[in-house]
Structure formats: C-alpha cells, structure tokens
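Chain by chain, the residues run as shown.
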Amino acid sequence: MAKGKSKYICSNCGATFPRWYGKCPNCLSWNTLVEEKITNSKKGNFNIETEAIPKPITEIEENINLKRLSTGFRNLDEALSGGFITGQVTLLSGEPGIGKSTLLLQVASNIAKTGKKVIYISGEEATNQIYLRGKRLNALSGNLYILSETNLEVILNAIDKLTPEFLIVDSIQTIYSPRLESIAGSVSQVRETSGKLTEIAKQKSLPTVIVGQITKEGSIAGPKILEHLVDTVVYFEGERGQAYRVLKIIKNRFGATGEIAVFNMTSYGLKEVEEPSSLFLSEKPQNKAGSIIFPYTEGSKPILVEIQALVSKSFYSIPQRKTQGVDINKLSIITAILEKEAGLKLGDKDIFINIVGGIYIKEPAVDLPLALAIASSYFNKPIPSDIAVFGELGLAGETRSVYYTDLRIKECKKFNINKIIAPRFTDNNDKEVIKVSNIKEAINILFP
Ligand SMILES: Nc1ncnc2c1ncn2[C@@H]1O[C@H](COP(=O)(O)OP(=O)(O)OP(=O)(O)O)[C@@H](O)[C@H]1O
Ligand SMILES: [Mg+2]
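All values derive from a computational prediction rather than experimental measurement.

**Examining the domain arrangement of the protein chain**
Here the domain parsing of the protein chain yields domain 1 (1-41), domain 2 (68-274) and domain 3 (278-446). Just the C-alpha atoms count here: the centres of domain 2 and domain 3 sit 35 Å apart. Of the residues contributing to the side of domain 2 that touches domain 3, the split by class is 5 nonpolar, 4 polar and 3 charged.

**Examining the packing of helix 8 (residues 328-342) against helix 9 (residues 367-379)**
For the pair helix 8 and helix 9, interaxial distance at closest approach is 10 Å and the crossing angle is 65°. Overall, the two elements helix 8 and helix 9 adopt an arrangement that is roughly perpendicular. Judged by the sense of rotation from one axis to the other, the crossing of helix 8 with helix 9 is right-handed. Taken together, the residues of helix 9 that come into contact with helix 8 (itself represented by Ile334, Ile337, Leu338 and Ala342) are Asp367, Leu370, Ala371, Ile374 and Ala375. In terms of residue class, the contact of helix 8 with helix 9 is made up of 8 nonpolar, no polar and 1 charged.

**Concerning the sheet that holds strand 3 (residues 33-37)**
Within the open sheet, the 3 strands sit side by side as 2-1-3. Their pairing is antiparallel. Each of the sheet's edge strands pairs with one partner strand only, and the pair in question is strand 2 (16-17) and strand 3. Sheet analysis places strand 1 (residues 6-10) next to strand 2, joined by 2 bridges and oriented antiparallel. Bridge pairing in strand 2 links tyrosine 8 to phenylalanine 17.

**Focus on the pairing of strand 18 (residues 349-355)**
Sheet topology note: the strand 16 (residues 303-313)/strand 18 ladder contains 7 bridges and is antiparallel. Residue lysine 313 lies in a different strand from strand 18, and its bridge partner there is lysine 349. Chirality of the crossover, the property in question, places the unit of strand 17 (residues 321-324), helix 8 and strand 18 among those that are left-handed.

**Describing the sheet that holds strand 11 (residues 232-237)**
Overall, mixed pairing links the 9 strands, which are arranged 8-7-9-10-6-11-12-13-14 in an open sheet. With partners counted over all chains shown, the strands left at the sheet margins are strand 8 (144-148) and strand 14 (269-272), one partner each. Sheet twist, expressed as the average angle between the axes of neighbouring strands with direction ignored, equals 25°. Of the strand pairs in this sheet, strand 6 (residues 89-94) and strand 10 (residues 208-212) are connected by 5 bridges, and their pairing is parallel. Looking across to strand 10, one finds that serine 93 is bridged to glycine 212.

**Examining the site of ligand 1**
In the vicinity of ligand 1, the contacting residues are Gly94, Pro96, Gly97, Ile98, Gly99, Lys100, Ser101, Thr102, Glu124, Arg136, Met265 and Ser267. Looking at the shell around ligand 1, the element that brings in the most residues is helix 2 (residues 100-112), giving 3 residues. Considering only residue class, the shell around ligand 1 consists of 3 nonpolar, 6 polar and 3 charged.

Calculation rules
Think of each chain on its own: its residues are numbered from 1, step by step along the sequence as written. Here the convention is simple: chains get letters from A, ligands get numbers from 1, in the order in which they are written. Thresholds applied to this predicted model are a pLDDT of at least 70 for local features of residues and 80 or more for the giving and counting of side-chain atom pairs; totals over whole chains, interfaces and linings are not thresholded and use all residues. Domain limits in this description derive from either an automatic procedure or a database domain assignment. Under this grouping Gly is polar, as are all residues other than the nonpolar Ala, Val, Leu, Ile, Met, Phe, Trp, Tyr, Cys and Pro and the charged Asp, Glu, Lys and Arg. For helices, the fitted axis covers only the stretch in contact; all axes are lines through C-alpha atoms, and the angles between them, taken along N-to-C directions, range from 0 to 180 degrees. A run of DSSP states H or I qualifies as a helix once it reaches four residues; a run of E qualifies as a strand once it reaches two. Both are numbered from the N-terminal end. An angle below 35 degrees is treated as roughly parallel, one above 145 as roughly antiparallel, one from 65 to 115 as roughly perpendicular, and anything else as oblique. Definitions for this section: a left-handed crossing has its near helix turned counterclockwise from the far helix by less than a right angle. A right-handed crossing has that turn clockwise. Whether two residues are in contact depends on their C-beta atoms, placed from the backbone: they are in contact if these lie within 7 Å. When DSSP finds two or more bridges between a pair of strands, those strands are recorded as paired. By convention, orient the strands away from the viewer: a clockwise path from the first strand over the helix to the second makes the crossover right-handed. In this analysis, residues qualify as near a molecule or strand once their C-beta atom, positioned from backbone atoms, comes within 6 Å of it.

Right, dumping it as structure tokens:
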C-alpha cells in the first residue's frame, strides 16, 4: 500500500471524512465508513498526459459486437430483454436456500451445452457438492468448469487461463482479495472484489453473474455500491414451503425493469411456469370472505395474484398486524384510510395479510385490492371470483391511476375475469371496467 494519509468513505452515501465514525454523520447509517488510503501523487493536481478527449455523441460508433446470450430458459431470456449481453454484470440475490445456485448451475449448463466455455466459481461449496447437484439437475457438460476458490487473485488467474464465455461467482461475500487485511464479506472486501470482477467482465466482454447474499432485513448484504456498480440487479424470491420461485429484474442497464420469470422448484431443478396466473389462482377458495384477485405487474408480464386478508377480534391490548408479501407500513396506512374514509372500526381488530404465491409486491396498484380484501373479511362478505381490482389509494381515500392498465385488463379477461374495478381516471373505455373515485364508492359497489 502506498504511503499516505487515510480518509474514510461512507459506503452507503459516499460522503468522506478525515476520521472514522461508527455512525455516518451524513446519512446516519451504522458501520458504513471504510478506510481508504490517499496515495501521494506528484506535485500539482493534474497530470496533463492522462488527458482524454470527449466525443460528440453523434460520432460514437455503435458496438456491433454486443451479443445476447440465451440462458436456455425462455421466460428468463424475456425478462432479461433477450438474455445476457456481452460484458453485462448481473447481481443475483435472494434468501438463503431459495435456489440461486440451482438456477445458476442450470443456466451455466444450458450455455455450456451450446458449446460455450462456462466457469462456475464457488466460494461456498466444494466441487463434489456442485457435481452432485449438477448430476441431480442433469446439468453436466464438458464445457462447464467448476472452481471452488475464495482467493480473488487465484480466480482472476483461472479466468485468464480458461478464457470462458460466461462467468458465475457464487457468492461475492465469500471471495477475498489478499491485498486487503479485512475478512471476506466486509464492506471493503466486497467493494474491492466486485469492482475487480466488474473490471475484468468489461475488459474481456465476459457476461458475469455474481451472487449476493442478503441481510436478515432482506436487502443485499454489503455496500450499496455493489448495486450501483453492476448493470443488472435480480432478486429471486418465493415462499418457504412452496415450490414457486419468482425472479424479478430490479435494475437493468440493458433492458426493462420490473420484468419477472416464474419457476417451479422440483427435485430435477427449476422448471419454467408458462401460465403463472392459473398457477396462483388454482387454490383460491370459492365464496370465502377476505380473498380478492389483483392483476399485478411492474413490467410487460402481468400475473393474477390472490390477496388474502383476515380481520378478527383482537384479544390483545395492542391488536396484531402482520403481512406477508407487502410492507407492514402499507397495511397501517390502508387501515387508517379505511377507518377514516369508509368508517370501518378496525382499532380492536387483528389484521393479517398474505399475498399468495410468495411474490413481494411493492407497486402502489395493490392499495385498492388490499383495502377491499380487508373490508371483505371485516363484513364477512365474499367478493365474486369474476372480479379483479387494481388501483392506488391516496391518503384522502381517493383512487389514483396506475401504469399498465391495458395489460392488467387483458390478463383478467384471458382468465374470464370480466369485471374489473379500477381508479376513476383509468384510460380505458371497456364497458366492464367499473371506475371508482374513492374507497367508499368501491366498498358500496362490492358490499351494498
Ligand atoms: N433433492 C431435492 N429435491 C427437491 N428440491 C431440492 C433438492 N435439493 C435441494 N432442493 C431445493 O433447492 C434449494 C436449495 O437450493 P440452492 O442451494 O440453489 O439455494 P441457494 O439460494 O443457492 O442457497 P444458499 O443461499 O444457501 O447458497 C432447497 O431449499 C430446496 O428447495
Ligand atoms: Mg448457493
């Protein structure tokens, strides 16, 4: 390490400080300051030889060598806007045991079976363990190379020698650079190793997938910079004890975000689900209060999901509020709106919400169906199975329009759900779309 002074950079907000703090004075997050040595440069601030000349955008040549690499899964290719692209660095994260290594080994073998050299680097499992999984998944191929290694320099050497066409690193938190003193998984190590791997991926035009572990709060472990650094961020999620897995594109520099692909976990590995809507609705109870159909979408592919609410008398001084698949704060807001704008008395009721199928829904279009599912359980009146609902709710109980209206309506019709309750300003003239101005009006229509 070059001699010089140190500065401390917050890996969350990027602010710099002359000394270390346990809590970043700027963004107030804990343990995010990382030491960085300032190397002594020559006199003067700039070295004129390192000058670069910017070009007008119209004079930049298109890179015709950018190619899409198919993953062997049609839905995954579609979600990735056509497959992995040359030099693309993708971060895949998800709960422990959700199936990240399974998915990547299948993708690796699909690519290897097309004659391309693939290297799968695992810092978590021994080669024999990966072999056994490969055998179970029918993912053995002479072009698929496995390396069980955690030292970044050994890994970079191996990549250099093998010249692969696709690289997998599972997981970034287990890889360390011997140049740094901190342990693998620390902020500075993750920053260094992911930075170096990204550099190599760009230099060699090598599509790369890096697995990132997540914290118990559900965000990607390590510095926020990891998500900024990579081109694409993918989450793999699902419900414990259920076989469905949903892959969601959170960020993509080479395509659309919000795209999803649904899989089924079997003993032979992940299988694509062609009609996720019918799968998610297959176990919906008939004529039961508290259940509602919501056409969910954050990208080009809508899915009909069932939202369940259970409202019951509370036997605690503070009523219980629990959610699965949506943010608990959203439930608090919706409950307050229902109390104030629709007159429901929920103060002494326990409320439980479940999004069936294990999808975590962040989009605001879930507000109205969530409110109506709660109302349905509260009144103990079922919502007919041929009705679907979507729309955002404002704090005054007013409905607000959302994106992808036509896609949602089309998906409902495909499954013979012909009545759709939607926000008032929805841009669609279908006669069967019932437009409502506020939550009260929606409740009056469904529970007269
Ligand atoms: N023989 C089997 N039959 C069916 N499913 C299996 C079998 N073996 C493993 N699985 C499934 O694979 C999952 C583990 O997958 P995998 O190891 O790919 O997850 P991961 O996300 O990489 O986990 P980690 O975070 O621990 O690395 C198990 O939770 C289980 O659902
Ligand atoms: Mg794994």
